Amino acid sequence: MGKTSKDKRDLYYRRAKEEGWRARSAYKLLQLDQEFNLLGENVKRVVDLCAAPGSWSQVLSSKLSTTSTIIAVDLQPMTPIDNVTTIQADITHPKTLQQILTHFNGELADFVCSDGAPDVTGLHDLDEYIQHQLVWSALQLTTCILKPGGSFVAKIFRGQDIDLMYYKLQRFFGKVICAKPKSSRSTSLEAFIVCLDYKPIPGWIPRLDLNKSTNEFFEGIEFGDDNQRSIVEFVSCGGDDAFDSDATYNIEEDSKRLDPIQLPTAPPYKKALELKRKGELSRREIK
Ligand code: SAM
């Protein structure tokens, strides 16, 4: 496992297979919750934006009571999860908000999270810009469904303009923190904004409209100078004994090792295993 820092099959990947999480991302939400108690007992209505394949929804389903309402939204279809309502939709489309609200019977959400990521192009500035647009879309939707005092968590990439975003987020939340779970590779710019204590802006009514740009959506809010930036607290979370996702571990020494619950369906080493079983393994044949 974890032959190099770029090997995607790190310890968290293996643990996810063993413990039945659909993606290693599950540990990111678990570690964020461990640090910030995001999924406390008062949390009854939650929205998981950009949820496929569903490991965050699995965490929500396992942590929250069965009477909670959990809505998961993604462009991709999702295999059902106990106690989770899945909606296949675009979070940037106003109709998606209406679809979510129909499940809340007039109540507002206690917690909204977004692990959204667009397809990356490899051009860092462009990728960062598109990621920011997705966070803004998640925030727009959140301002329409989150109750005062509620929390919002979203994936960000800590590029050079992230402090502009921190500044704007601080207008909506009592506390904004940049958190890096140990399960998020330190070699990656990925981090999570943890926004606590939602404070709706007095007199401003958020309205999603397909014809409105992000700037128009936030029209009427006094953000000050366009170039206002903020520095926020940075927290590494997961606990001192959490595995380091960039390190290499010897799995034979890991006494708690379990066999994977579900083996990969078509791993690249499948052919080699078949040949080995038949006793025909040779360098030439596995090419
Ligand atoms: N949190 C998920 C989990 O734990 O399984 C992983 C999320 S994955 C990193 C990012 C997801 O964002 C993808 O499934 C993608 O389809 C979704 N996504 C990107 N843009 C979206 C949009 N505009 N609306 C809905 N989903 C979107």
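Reading guide: rules and limits
- Residues numbered from 1 in each chain as written.
- Predicted model: local features only at pLDDT ≥ 70, side-chain atom pairs only at ≥ 80, totals over all residues.
- Heavy atoms only, no water.
- Axes fitted to C-alpha atoms, helices over the stretch in contact; angles between N-to-C directions.
- Helix = DSSP H or I, 4+ residues; strand = E, 2+ residues; numbered from the N terminus.
- Parallel < 35°, antiparallel > 145°, perpendicular 65-115°, else oblique.
- Left-handed = near helix turned anticlockwise from the far one by under 90°.
- Contact = heavy atoms within 4.5 Å.
- Nonpolar A, V, L, I, M, F, W, Y, C, P; charged D, E, K, R; others polar.
- Near = heavy atom within 4 Å.
- Polar contact = N/O pair within 3.5 Å; in protein donor to acceptor, adjacent residues only side chain to side chain.
- Areas by Shrake-Rupley, 256 points an atom, 1.4 Å probe, with all protein chains shown as cover.
- 1 Å grid on protein atoms, 1.4 Å probe; cavity = no way out; pocket = protein on both sides within 12 Å on 5 of 7 lines; lining within 4 Å.
- Sits in = over half its atoms within 2 Å of the grid points.
- Buried < 20%, exposed > 50% of the residue type's maximum accessible area, 1.4 Å probe, protein only.
- Pairing = 2+ DSSP bridges.

Q: Outline the packing of helix α2 (residues 26-36) against helix α3 (residues 55-63), supporting the account with residue identities and numerical values.
A: At a minimum axis distance of 7 Å, the contact between α2 and α3 shows a crossing angle of 45 degrees. On the basis of their axis angle, the class for α2 and α3 is oblique. Like other packed secondary-structure pairs, α2 and α3 cross with a definite hand, here right-handed. Counted together, Ala-26, Lys-28, Leu-29, Leu-30 and Asp-33 of α2 and Ser-55, Trp-56, Val-59, Leu-60 and Lys-63 of α3 form the full contact between these two elements. Considering only residue class, the contact of α2 with α3 consists of six nonpolar, one polar and three charged.

Q: Describe the site of the ligand, and please don't skip the residues or the numbers.
A: Neighbouring the ligand are 18 residues; Gly-54, Ser-55, Asp-74, Asp-90 and Asp-115 lie closest to it. With respect to the ligand, the backbone of Leu-75 contributes an N or O atom lying 3.4 Å from a nitrogen atom. Considering the ligand on its own, with 600 Å² of exposed area, one finds that the protein chains cover 86% of that surface. If you map the ligand onto the pockets, it falls in the largest pocket. Residues belonging to the shell around the ligand are distributed by class as follows: ten nonpolar, five polar and three charged.

Q: Outline the pairing of strand β2 (residues 69-74), supporting the account with residue identities and numerical values.
A: Taken across its six residues, β2 has five buried, putting it largely inside the fold. Pairing geometry for strand β1 (residues 45-49) and β2, over five bridges, is parallel. Bridging from a neighbouring strand, Leu-49 pairs with Val-73 of β2. Bridging between β2 and strand β3 (residues 84-88) involves five bridges; their strand directions are parallel. Note on β3: the bridge partner recorded for Ile-71 is Thr-85.

Q: Before we move on, could you go through helix α1 (residues 11-19) and cite the residues and values that matter?
A: For α1, the set of buried residues is Leu-11, Tyr-12, Arg-14, Arg-15, Ala-16 and Glu-18. At its buried positions, α1 is contacted by α2. Phi for Gly-20, located one or two positions after α1, is positive at around 85 degrees.

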